[in-house]
Amino acid sequence: MEFLTASNKKGLGDKVELFDKGILNAEGKDIVVIGGGDTAMDCVRTSVRQKAKSVKCLYRRDKENMPGSAREVANAEEEGVEFVWLSSPKKFKGTNKVENLIVDQIQLGEPDDSGRRRPQIKQGSEFEIKADMVIKALGFDPEDLPYLFDAKELQVTKWGTVKTDFDTMETNLKGVFAAGDIVRGASLVVWAIKDGRDAAVAMKTYLENIKLKKSKVA
Ligand SMILES: Cc1cc2nc3c(=O)[nH]c(=O)nc-3n(C[C@H](O)[C@H](O)[C@H](O)COP(=O)(O)OP(=O)(O)OC[C@H]3O[C@@H](n4cnc5c(N)ncnc54)[C@H](O)[C@@H]3O)c2cc1C
């Protein structure tokens, strides 16, 4: 996220110190992106546009078992990104900064709970890749939300996302609603917009019901 937002801000004409100092700037560098999702695809293609010397994408499964969109992979390949399938980083090496990655080769075993074949390290298969900059695009999880919001009673799912009523989008805290990625997990903008609209309608109904009850009492 640091890499992508720095690039966006720079594109919008902001002053971005870490970009100008070259820390979050891929220009002239050998870039390695770790991960196979849509964020990894954004990182590899952004690196190409920043005029990286080379861009490699390491993914522990093969092309058929990648979570990101196949079209994005094809577009990235077209732009010159090299995919190193069935590979998993083991160690970063370098003096003061990363210079090389030690990588294990992977073989796919039996399917896991998600139905995708489980990656297993091939013993003694390690190899080295040169890297000036490594970008980890390995997904994200919610923080400890009851702690973050100082609301211990807030109910969350086993994935740590906020639990809401399916119809009203209200959490177990009265008058508190939730929508978007914090409920669904990593998803898409269109769903966040839809959920936001549905939540707004549900909140309006909630407030109207309070008003109605008050006027009845009066
Ligand atoms: C790198 C990347 C690329 C993506 N590319 C695509 C794409 O191409 N197409 C697509 O459809 N989707 C894409 N997505 C997914 C999409 O960005 C999300 O599904 C969408 O932004 C979710 O919207 P949201 O409103 O639920 O959450 P967010 O957009 O994450 O908004 C949550 C907001 O809450 C703020 N916030 C957090 N904590 C607090 C707090 N305590 N108090 C106040 N504010 C707080 C955050 O700063 C943020 O502004 C991408 C995601 C990533 C990470």
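Residues numbered from 1 in each chain as written. Predicted model: local features only at pLDDT ≥ 70, side-chain atom pairs only at ≥ 80, totals over all residues.

So, about the nonpolar core. Counting 27 residues, the largest nonpolar core has I31, V32, V33, A40, C43, V44 and C57 as its most contacted members. Secondary structure elements with two or more residues in this core: α1 (2–11), β1 (30–34), α3 (38–49), β2 (54–58), α4 (70–78) and β5 (100–111). Those residues in contact with V32, other than ones at most four positions away along the chain, are K56, L58, L101, I129, A131 and V134. Residues V162, M169, F177 and A179 belong to the second largest nonpolar core, which totals six residues. (Core = buried A, V, L, I, M, F, W, Y, C linked by C-beta atoms within 7 Å. Buried ≥ 20, exposed ≤ 12 C-beta atoms within 10 Å, placed from the backbone. Helix = DSSP H or I, 4+ residues; strand = E, 2+ residues; numbered from the N terminus. Contact = placed C-beta atoms within 7 Å.)

What the domain assignment reports for the protein chain is domain 1 (2–136) and domain 2 (145–213). Just the C-alpha atoms count here: the centres of domain 1 and domain 2 sit 34 Å apart. (Domains from an automatic or database assignment.)

Let us now look at the site of the ligand. In the vicinity of the ligand, the residues found are L4, D38, T39, D42, G180, D181, I182, S187, L188, V189, V190 and A192. Classifying every residue of the shell around the ligand by side-chain character gives six nonpolar, three polar and three charged. Lining the shell around the ligand are residues from two domains, each supplying at least three of them: domain 1 (2–136) and domain 2 (145–213). (Near = placed C-beta within 6 Å. Nonpolar A, V, L, I, M, F, W, Y, C, P; charged D, E, K, R; others polar.)

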